[in-house]
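# Observations on the three-dimensional arrangement
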Amino acid sequence: MQKYSLFSLAKNALSGHRNWQQAWRSPPLRDQYDVIVIGAGGHGLATAYYLAKEFGTANVAVLERGWLGGGNIARNTITIRSNYMRDESIPFYVKSVAMYEGLTKELNFNMMHSKRTMVDVVQTYPKMRELRRRQLTMDIYGSTYEQISTDEVRRRIPALTGGGPDARLPIIGGMVHTDAGVNRHDAVAWGYARGADELGVEIHQQTAVQSLIRGSDGAITGVETNRGTVRAKKVVVAVSGHTTTITETAGLKLPLRTMNLTAFVSEPVKPLVDVIVNCPDSGFYFSQSDKGEMVIGGAPDMGQSFRRDIKQNVFEDTVTSMLSLFPAFKKLKLMRQWGGHLDIAHDASPIMSKTEVGGLFVTAGWWGGYKAIPAGGLALAHLVAKGTPHPLMSSFTLDRFKHLDFIMEAGTTTAR
């Protein structure tokens, strides 16, 4: 694989950039592999990469019904953080945040990673009490979270001109999560794809898995695709909101429901906000991209849906809340909007687990799974290769639903 560097950039500039190697191959689809990963998004590609890199399992096929990185990894607000509440969650996300910081070097692909801090703007005393409790738990695991005054909140976010003492919900203080950052979602997908391909993993786009195939003993034997039958004794389902669509073809029902989470982007403006702003009481969050766009997210639509666009009432609620604190943003023009579908478990915590169907593994239930891609891929690869849960994911298996060992971890941005 060609190494990216300033030297290679200058060398290829001399030929008009016509001699770059392909980032990954497009090999013919074979009829048998050791492992099939369904879904060429962040979690699917990361799982395939770590299977090859950490566990020597390179005879892997990643099957994607559309194009690489075209699913939920392209439909999020790229926020990377570890400000969670539960003892099971925090170490996992601390690990993932740390892995993200070294991903550019490891994959030799510029993630444009920016560790820029998240500021929680707090407007109610119950929320402040909740976040203080979270701070004390996070301190145990080395995840940074500190309380700051109202004046410090406004100093860090000069554009924050609303929420004064006469407002319906005045600002009473804030919390700062210095480990938080952002990067480029397409770079994450392409970097993992390039790294996995170099290690021998095959990536097959436009290859839709129509059903799972079980043998006479009930175990997985492969998948049926629009390009024919492909055999494997291990199959990983990493398809975000469509997990149940796939698993039910094998007669497996999971404790998941699919919901829509929306976001939208403004026209680009000059640098205005250099932190990630989260307003949990009002129900919105945003950051400014490297292009100058305001990338804005709101609360999920709580109704079950597979839609991939935005509901007008959800959009209006988010904008109304945002303008109450940032009235100057009323001048911004909306450039584009989208929705991503999330499959959410009953306790709002992820599922990384083998299933009752032998050889079938799932990664699902992510309430914003972008931040979890590196650790999620590593932990699931460990499970697939060794058959036992990685210590980081031992609490996130399907067994917890049998024994009611729920990990109640609601979303930490806009859940209400």
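Everything below is about the structure printed above this text.
A brief report on the enclosed structure follows. Keep in mind that this is a model prediction, so the values were computed, not measured. (Residues numbered from 1 in each chain as written. Predicted model: local features only at pLDDT ≥ 70, side-chain atom pairs only at ≥ 80, totals over all residues. Heavy atoms only, no water.)

Okay, the overall build of the protein next. Looking only at helices and strands, the protein has eleven helices and 20 strands in total. Rg of the C-alpha trace for the protein: 22 Å, near the compact-globule value of 22 Å for 416 residues, within the 12% margin. Based on the C-alpha atoms only, the size of the protein along its principal axes is roughly 70 × 65 × 40 Å. When burial is assessed residue by residue, the protein has 57% of its 416 residues classed as buried. Once local pairs closer than 6 in sequence are excluded, the contacts in the protein between residues at least 24 apart make up 75%. Here the protein holds 47 positive side-chain charges and 38 negative ones, and the gap between their average locations is 3 Å. (Helix = DSSP H or I, 4+ residues; strand = E, 2+ residues; numbered from the N terminus. Rg over C-alpha atoms; globule rule 2.2 N^0.38 Å. Buried < 20%, exposed > 50% of the residue type's maximum accessible area, 1.4 Å probe, protein only. Contact = heavy atoms within 4.5 Å. Lys, Arg positive; Asp, Glu negative; His and termini not counted. Charge placed at Lys NZ, Arg CZ, Asp CG, Glu CD.)

Turning next to the sheet that holds strand β1 (residues 35–38). Within the open sheet, the six strands sit side by side as β8-β2-β1-β12-β20-β19. Their pairing is mixed. The open sheet has two edge strands, β8 (202–204) and β19 (351–354), and neither has a second partner. Ignoring which end each strand starts from, the neighbouring axes of this sheet average 15° apart. Pairing of β19 with strand β20 (residues 360–364) involves four bridges; the strand directions are antiparallel. For K354, the partnering residue across the bridge sits in β20 and is F361. (Pairing = 2+ DSSP bridges. Axes fitted to C-alpha atoms, helices over the stretch in contact; angles between N-to-C directions.)

This part is about the pattern of salt bridges. A pair can form between side chains of opposite charge whenever their charged atoms are brought close. All told, the structure shown has 15 salt bridges when counted by the stated rule. We note a salt bridge from E130 to R134, for which the minimum N-O separation is 3.1 Å. You can see E130 and its partner R134 sitting in helix α5 (residues 125–140), four residues apart, about one turn around the helix. Taken together, the shared-partner salt bridges connect K53, E54 and E106 into one network. (Salt bridge = Lys/Arg side-chain N within 4 Å of Asp/Glu carboxyl O.)

Taken together, the three strands give an open sheet; going across it, the order is β9-β10-β11, and neighbouring strands pair in antiparallel fashion. Looking along the sheet, the strands with just one partner apiece sit at the ends: β9 (209–214) and β11 (228–231). Put simply, the sheet's adjacent strands are angled 25° from each other on average, direction ignored. For β9 and strand β10 (residues 220–225), the ladder comprises five bridges, and the chain directions are antiparallel. The partner of V209 across the bridge, within β10, is T225.

Of note, D166 is situated in the loop between α6 (150–156) and β6 (173–177). Judged by relative accessible area, which is 79%, D166 ranks as exposed. Along the backbone, D166 and A385 are 219 residues apart, and their C-alpha atoms lie at a distance of 59 Å.

Before going further, it helps to spend a moment on the environment of D347. Structurally, D347 can be placed in the loop between β18 (334–345) and β19. A C-alpha to C-alpha distance of 9.6 Å links D347 and D405, two positions 58 residues apart in sequence. Look past the residues within four positions of D347 in its chain and what remains in contact with it is R400, F401, F406, I407, M408 and E409. Within the structure, D347 has its side chain in polar contact with the backbone nitrogen of I407 (distance 2.9 Å). (Polar contact = N/O pair within 3.5 Å; in protein donor to acceptor, adjacent residues only side chain to side chain.)

This paragraph deals with the packing of aromatic side chains. Applying the stated criterion across every chain yields a total of 17 aromatic pairs. With a centroid separation of 5.0 Å and 75° between ring planes, the pair formed by F264 and F315 is classed as edge-to-face. Of this pair, F264 sits in strand β13 (residues 256–266) while F315 sits in helix α9 (residues 312–325), placing them 51 residues apart in sequence. On the numbers, 6.3 Å between centres and 85° between planes, the contact of F284 with F326 is edge-to-face. A residue pair is termed long-range when its members are at least 10 positions apart, and F284 in strand β15 (residues 284–288) and F326 in the loop between α9 and β18 qualify at 42 residues. A single burial state applies to F284 and to F326, both of which are buried. Taken together, the ring pairs connect Y84, F92, Y93, W366 and F396 into an aromatic cluster. (Phe/Tyr/Trp six-rings, centres within 6.5 Å; stacked < 30°, edge-to-face > 60°.)

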